[in-house]
Amino acid sequence: MQKVLERLFTLSLVASLTFAALMILLQVIGLVVGSGSLMVQSSEWLTQPTIILSAVFSGTAFILGYFPAYRENKK
């Protein structure tokens, strides 16, 4: 179970960062080209998937905190 959660965390983190970077890149391209519609469309297309993937990796990080390997050693 822990390995599955670790993979889910990694995949959702990388996908979230990729979508966010792609959204920013498209907005910069839209700014350079002077296409306001590209800037708005990139935000409309990529905001929701980015937020959903962020919620997934945040949730899996929270759950992984309950596994012994991820607990802090309190001395």
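To be clear, the structure that these remarks concern was listed above.
All of these numbers come straight from a predicted model, not from anything done at the bench. (Residues numbered from 1 in each chain as written. Predicted model: local features only at pLDDT ≥ 70, side-chain atom pairs only at ≥ 80, totals over all residues. Heavy atoms only, no water.)

Chemist: I'd like to hear about helix H2 (residues 36-64), residue by residue, with values.
Modeler: The end-to-end C-alpha distance of H2 is 41 Å, a good match for the 42 Å that 29 residues give at a rise of 1.5 Å each. Its maximal kink placed at Leu 46, H2 deviates by approximately 35 degrees, while the proline Pro 49 follows within four residues. Of the residues making up H2, those classed as buried are Ser 42, Leu 46, Thr 50, Leu 53, Phe 57, Thr 60 and Leu 64. (Helix = DSSP H or I, 4+ residues; strand = E, 2+ residues; numbered from the N terminus. Expected span 1.5 Å × (residues − 1). Bend = angle between axes of the 7 residues up to and from the residue. Buried < 20%, exposed > 50% of the residue type's maximum accessible area, 1.4 Å probe, protein only.)

Chemist: Any details on the packing of helix H1 (residues 2-33) against H2? Residues and values, ideally.
Modeler: In contact at an axis separation of 8 Å, H1 and H2 are set at 160 degrees when each is read in the N-to-C sense. Taken together, the axes of H1 and H2 lie roughly antiparallel to each other. By crossing handedness, the relation of H1 to H2 is classed as left-handed. Along the lines of polarity and charge, the residues of the contact of H1 with H2 split into 22 nonpolar, eleven polar and one charged. (Axes fitted to C-alpha atoms, helices over the stretch in contact; angles between N-to-C directions. Parallel < 35°, antiparallel > 145°, perpendicular 65-115°, else oblique. Left-handed = near helix turned anticlockwise from the far one by under 90°. Nonpolar A, V, L, I, M, F, W, Y, C, P; charged D, E, K, R; others polar.)

Chemist: Hey, could you go over a nonpolar patch on the surface for me, with residue numbers and the actual values?
Modeler: There is a patch of nonpolar side chains on the surface, built from Leu 22, Ile 24, Leu 25, Val 28, Ile 29, Val 32 and Val 33 and spanning about 650 Å² of accessible area. Considering the arrangement of structural elements, one finds Val 28 in helix H1. A relative accessible area of 45% places Val 28 in the partly exposed class. (Patch = residues over 30% accessible without salt bridge, like charges linked within 9 Å, V, L, I, M, F, W, Y side chains within 5 Å. Areas by Shrake-Rupley, 256 points an atom, 1.4 Å probe, with all protein chains shown as cover. Salt bridge = Lys/Arg side-chain N within 4 Å of Asp/Glu carboxyl O.)

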